[in-house]
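Spelled out from the first residue to the last, the chains are:
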Amino acid sequence: MTVQREAGAAAPLPGDIAPWFAAPVLGNSPDFHFETQAGRYLALLFLGSAGSEAGAVAARQLIARRSLFDDDRARFFGVTRDPGDVAAGRVATLLPGIRWFLDYDGSVARRYGAIDAEGGQTDFWLLVDPMLRVLARAPIGEGDALLARLADELSAPRDEGHAPVLIVPGVFEPALCRHLVGLYESRGGRPSGFMREVDGKTIGMVDDRTKRRADLSIDDEALREQIRIRLRRRLVPLIERFLNFRVTRVERYIVACYDSANGAGGFFAAHRDNTTAGTAHRRFACTINLNADGFEGGDLVFPEFGSRRYRAPTGGAVIFGCGMLHEALPVTRGTRYADLPFLYDEAAARQREANAQSGKVEERLAGYRADRQAAEQWAEN
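Residues numbered from 1 in each chain as written. Predicted model: local features only at pLDDT ≥ 70, side-chain atom pairs only at ≥ 80, totals over all residues. Heavy atoms only, no water.

K.L.:
Explain helix α7 (residues 346-357) here, please?
P.N.:
The end-to-end C-alpha distance of α7, which contains 12 residues, comes to 17 Å, matching closely the 16 Å that a straight helix rising 1.5 Å per residue would cover. Of the positions making up α7, those classed as buried are A348, A349, R352, N355 and A356. With its buried residues spanning 130 degrees around the axis, α7 presents them on a single face. Residues of α7 that are exposed and angled more than 90 degrees away from the buried face: R350 and Q357. Of the residues flanking the start of α7, the one acting as N-cap is D345, its side-chain oxygen 3.5 Å from the backbone nitrogen of A347. (Helix = DSSP H or I, 4+ residues; strand = E, 2+ residues; numbered from the N terminus. Expected span 1.5 Å × (residues − 1). Buried < 20%, exposed > 50% of the residue type's maximum accessible area, 1.4 Å probe, protein only. Arc of directions from axis to C-beta. Polar contact = N/O pair within 3.5 Å; in protein donor to acceptor, adjacent residues only side chain to side chain.)

Here is the structure:
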């Protein structure tokens, strides 16, 4: 869930979670989600205006350390409240690594304590780690020290620890995997979108710059029941044992296809699965590979925990919390097939229904009514 702060909140201190937000980025998205930037170090600079003397000094300090920001291990985000900064060319996107949030209404600055209750601005630097935790805070005039700290962090070897995921082999037997792959190959799929919050409402979007995948919806109730049986008997007890969560509901029955055709490579860029009103009920994501030996690339990565790759064997599942940032890497050879249900419980089901009734979720979103009926049948069984 999104971490929020009230207006006039104190600036986050080292060890705190950096607040999440969405705001326009110069030359990029009008609704750029900060929480997707996990997995790398972030240097943030809060400015009332880059036209101030202190802002000019900070800009020189930034350019002197330009090489730190490669978009892979580190990025810089400035946060300016002054529309004149863009017009005067005082701020600019410099790729890789340097971008500016256009915080003209001050909403981001307030969330970070850069604007106090009386409306006064305090300019400062923040250094944020790959898990979006604040490492250091420095006054506007001490950017050199903060950027030196970043250089030290980047020079140290990163601990490639394990993400908190559960890998369970043997959820689907080989015959069922082959059947599901054959079903897709005979019928084909449709481009698969993703959910976004737009003007307070969850809508489905398709954009192959973010996701390139095609899905076949399984509408055969007998086959859906066979899938439920296996999840209920082979997976749900282990989730309860190891993750202390009792699954009673499942969302969506699909065969997903990531294809390497045309050299484009099916993929899904880094994202979280529960950040909108229409998806907030999701508790655990489940990736069941149907042909783990049939493709190259295509593995799961959890950037907040490093670059380690995860792949379950054919018929096996990777289970992880829907709030974890994750990425399906491009498939570079062959075709990856997978079943990708979301799992939740009765409390989450009530949350899902309430959000649907609130008008914050488009009725056409991902076959909501049909999936809800299937979820209810799961619970009854």
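From this point, the narrative continues.
K.L.:
Which parts of the structure should I look at to understand the side chain of S260?
P.N.:
Inspection of the secondary structure assignment puts S260 in the loop between β15 (254-259) and β16 (267-271). Reaching out from S260, the side chain makes a polar contact with the backbone oxygen of G334 at a distance of 2.8 Å. Setting aside chain neighbours within four positions, we find S260 in contact with G265, V331, T332, R333 and G334. (Contact = heavy atoms within 4.5 Å.)

K.L.:
Any chance you could explain the sheet that holds strand β7 (residues 134-139) here in plain terms?
P.N.:
Pairing between the strands of a sheet is mediated by backbone hydrogen bonds and can be parallel or antiparallel. Spatially, the five strands line up as an open sheet ordered β5-β4-β3-β6-β7, and their pairing is mixed. Lying at the two open borders of the sheet, with one neighbouring strand each, are β5 (98-102) and β7. Direction aside, neighbouring strands of the sheet carry axes that sit 20 degrees apart on average. This element, helix α1 (residues 53-64), spans β3 (41-47), β4 (74-80), β5 and β6 (124-128) of the sheet and lies at about 35 degrees to β6. (Pairing = 2+ DSSP bridges. Axes fitted to C-alpha atoms, helices over the stretch in contact; angles between N-to-C directions.)

K.L.:
Sorry if this is basic, but what is going on with helix α4 (residues 143-155) here?
P.N.:
Since the α-helix turns once every 3.6 residues, residues separated by three or four places project in the same direction. Helix length check: α4 (13 residues) gives 18 Å between terminal C-alpha atoms against 18 Å at 1.5 Å per residue, within 8%. Residues of α4 that are buried include every one of G143, L146, L147, L150, A151 and L154, and no others. Down the axis of α4, the buried set is contained in an arc of 150 degrees. They therefore lie on one face. Away from its buried face, by an angle of more than 90 degrees, α4 presents the exposed residues A145, D152 and S155.

K.L.:
What is the right way to look at the nonpolar core in this model?
P.N.:
What tends to happen in soluble globular proteins is that the nonpolar side chains get buried as a cluster. Counting residues in hydrophobic clusters, the biggest one holds 34 residues, and the most contacted among them are F172 and L235. Listed by contribution, the elements that provide at least two residues to this core are β8 (166-168), α5 (174-187), β13 (214-217), α6 (221-243), β15, β17 (284-289) and β21 (317-321). The dominant element in this core, judged by the number of residues it contributes, is α6, at seven residues. Residues contacting F172, with those up to four places away along its chain left out, are C177, L180, I227, R230, R234, I288, L290, G315 and D339. (Core = buried A, V, L, I, M, F, W, Y, C linked by side-chain atoms within 4.5 Å.)

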